[in-house]
Amino acid sequence: MVSSIPIAGGGKKYKYERLPETEPAPEPTRTLDVHEATQRILDHHLKTFRSSKRRQLTLMASTVIGVLVLLYWVIGSNSYDLLSHCDSVDVGYQCQPEISHYWGQYSPYFSVPSEISSEVPDGCQITFAQILSRHGARDPTSGKTKSYNSTINRIHANAQSYTQEYAFIKDYQYILGADQLTSFGQQQMINSGEKFYSRYRTLALHTIPFIRSSGQDRVVESALNWSQGYHYSRAQDNPAKANEGYPYPMVIISEDTGFNNSLSHSLCTEFEDGAFSNHGGDAQAAWAAVFTPAITARLNENLPGVNFTMDETIYMMDMCPFNTVADSAGAISAFCALFTESEWNAYDYYQSLGKYYGYGWGNPLGATQGVGFANELIARLTNTPVNDHTSTNSTLDSSRKTFPLGGSTSLYADFSHDNDITSIFMALGLYNQTRPLLNTTIEDVQDTNGYSAAWTVPFAARAYFEKMVCLDDDEEMVRVIVNDRVLPLESCHAGKLGRCSVSAFIDMLSFPRDGGNWDKCFV
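Residues numbered from 1 in each chain as written. Predicted model: local features only at pLDDT ≥ 70, side-chain atom pairs only at ≥ 80, totals over all residues. Heavy atoms only, no water.

Enquirer: Residue-level account of the confidence of the model for the chain, with values.
Expert: Caution applies to low-pLDDT regions: their predicted coordinates should not be interpreted in detail. Overall, the prediction assigns the chain a mean pLDDT of 87, with 84% of residues at 70 or greater. Predicted confidence is poor over residues 1–39, with pLDDT under 50, and the contacts of this stretch with residues over four places away or in other chains come to 99 contacts. (pLDDT = per-residue confidence, 0-100. Contact = heavy atoms within 4.5 Å.)

Enquirer: So what about the nonpolar core? Which residues, and what values?
Expert: Core analysis: the biggest nonpolar cluster contains 88 residues, and I155, F291, M316, F335, L430, L489 and F505 have the highest contact counts within it. Ignoring any residue separated from it by four or fewer positions in sequence, one finds L489 in contact with L430, V478, V480, A494, G498, C500, F505 and M508. If you look at the next biggest cluster of nonpolar residues, it comprises 34 residues, including A129, L224, W226 and Y248. (Core = buried A, V, L, I, M, F, W, Y, C linked by side-chain atoms within 4.5 Å. Buried < 20%, exposed > 50% of the residue type's maximum accessible area, 1.4 Å probe, protein only.)

Enquirer: Describe the state of the cysteines, naming the residues involved and giving the relevant values.
Expert: A complete count under the given rule lists five disulfides for this structure. Paired through a disulfide, C86 and C95 show a sulfur-sulfur distance of 2.0 Å. Given an S-S torsion of about -85°, the disulfide between C86 and C95 has left-handed geometry. With respect to burial, C86 and C95 carry one shared label: buried. When the bonded cysteines of the chain are counted from the start of the sequence, the pairing works out to 1-2, 3-7, 4-10, 5-6, 8-9. (Disulfide = S-S within 2.5 Å.)

Enquirer: Give me the lowdown on the side chain of T368, citing residues and values where you can.
Expert: Among the structural elements, T368 can be located in the loop between α13 (341–359) and α14 (371–382). Accessibility expressed as a relative area gives 0% for T368, which makes it buried. Beyond its immediate sequence surroundings of up to four residues, T368 is in contact with F511, G516, N517, W518 and C521. (Helix = DSSP H or I, 4+ residues; strand = E, 2+ residues; numbered from the N terminus.)

Enquirer: Describe helix α16 (residues 418–427), listing the residues and the values that go with them.
Expert: Taken across its ten residues, α16 has ten buried, putting it largely inside the fold. Residues D418, N419, D420, I421, T422, S423, I424, F425, M426 and A427 constitute the buried set of α16.

Enquirer: Before we move on, could you go through the pattern of salt bridges and cite the residues and values that matter?
Expert: Inspection of the entire model under this criterion finds 17 salt bridges. Put simply, E244 and R234 hold a salt bridge, and the shortest N to O gap is 3.1 Å. In this pair, E244 is assigned in the loop between α8 (217–237) and β5 (250–253) and R234 in helix α8, connecting sequence segments ten residues apart. Exposure remark for E244: the relative accessible area of 37% places this residue in the partly exposed category. On the accessibility criterion, R234 (1% relative accessible area) is buried. Between D418 and K355 there is a salt bridge whose closest N-O contact spans 3.1 Å. Of the two residues, D418 sits in helix α16 while K355 sits in helix α13, which places them 63 residues apart along the sequence. (Salt bridge = Lys/Arg side-chain N within 4 Å of Asp/Glu carboxyl O.)

See below:
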């Protein structure tokens, strides 16, 4: 049977498969009215989801059915773990970490090593938590999927022979899609919701998170998957509140050109089309010229007649992570074994260069793209109105319905893209101690002070911004955790626990508070 349950904003409904009913469904849950433009976006996504042929995850509407579904999901989650020892709620993806943790932004989320414990310090209590999350694992973008398919077709048309290690390519059929979440990526987001609930249980048990999503399909679907994981953990923990507030209200912000959106860049014309718009690609090309020639020569030796280009060599490496996350259990693709550990290290650095020089401090306007969200975070941490004149949507941010502050709202969840999150991290000064990356010599995370694409923005990446009260502190403290790594926050002189006072943290954010060079966007 299919149940239609309203999502935020009312109106259109998203269909979910469910267990057979034993009693009539209750009245639809009250939902949140959102800005008219946001409502139109939500309607579009719900229509998209309705026609989707992907595996739909189960939602229940009544308490009795909810309990049954919890049992179903407990069994289902255990079955998934049996099928895939690679991925877990607690530590993420752990199969062949010597290579899979070096796929740049195409790595599935994994728990990053931390020199500082991420446990709540003794004598402290969390009072506020914000997650900023990338969407789950996806198919390649539409442009890349065409390039990958063309590369495979060219191999099939021109390869004169296949050596043993490459023999599987002869029968390989390219069936990857474009842009959408994979089932593995959906499960990543469910896991993320479960982990967030567990980590912040003392708050989550009695409140629901306020959720926003940037408007692209895979981001919205990731937010929905995350909310499912969070809800099932909450309902299992407290069955009496199984239906309270669910489905959770969600604000979806359009990614259409010209629409202010702090979770997706597009407004800064000098950044989008100006002199530095290909800064990241240029840095990558310089490094690719150093590390790919030997790989290209080996590919050509093992697949004679193809004559791979430098770009196609990178595409062949891309095939490893994308075919891995296309498998529902995240089984390592055969493409991965074609390259050595040192070559994966070089590939990871290639992706890091693209992020740093495309969207970070390596681009004169990279961090500027994250200023809007940084000022929204300041507003949430201080319970004061948003003070920003960059990418924020003033209509949404001025309403307590679409940008609640304080009161009963202590948990926030925002969903975005890797590029935008990179800019946000830089605008917040989280990697101010990272020197400009070299583009002709590889540097590891020790050299880069903990910065890499894989460590910051893998598939299903998550940053936690926490506020806590502690017995030994006169002021509330702030801590930032990126993929389980507690950041040292040198810019606000954090102590050994990686925490700053709220006032010190806000003081260090002079870049976004002063406008973050937004005036240079329209030179």
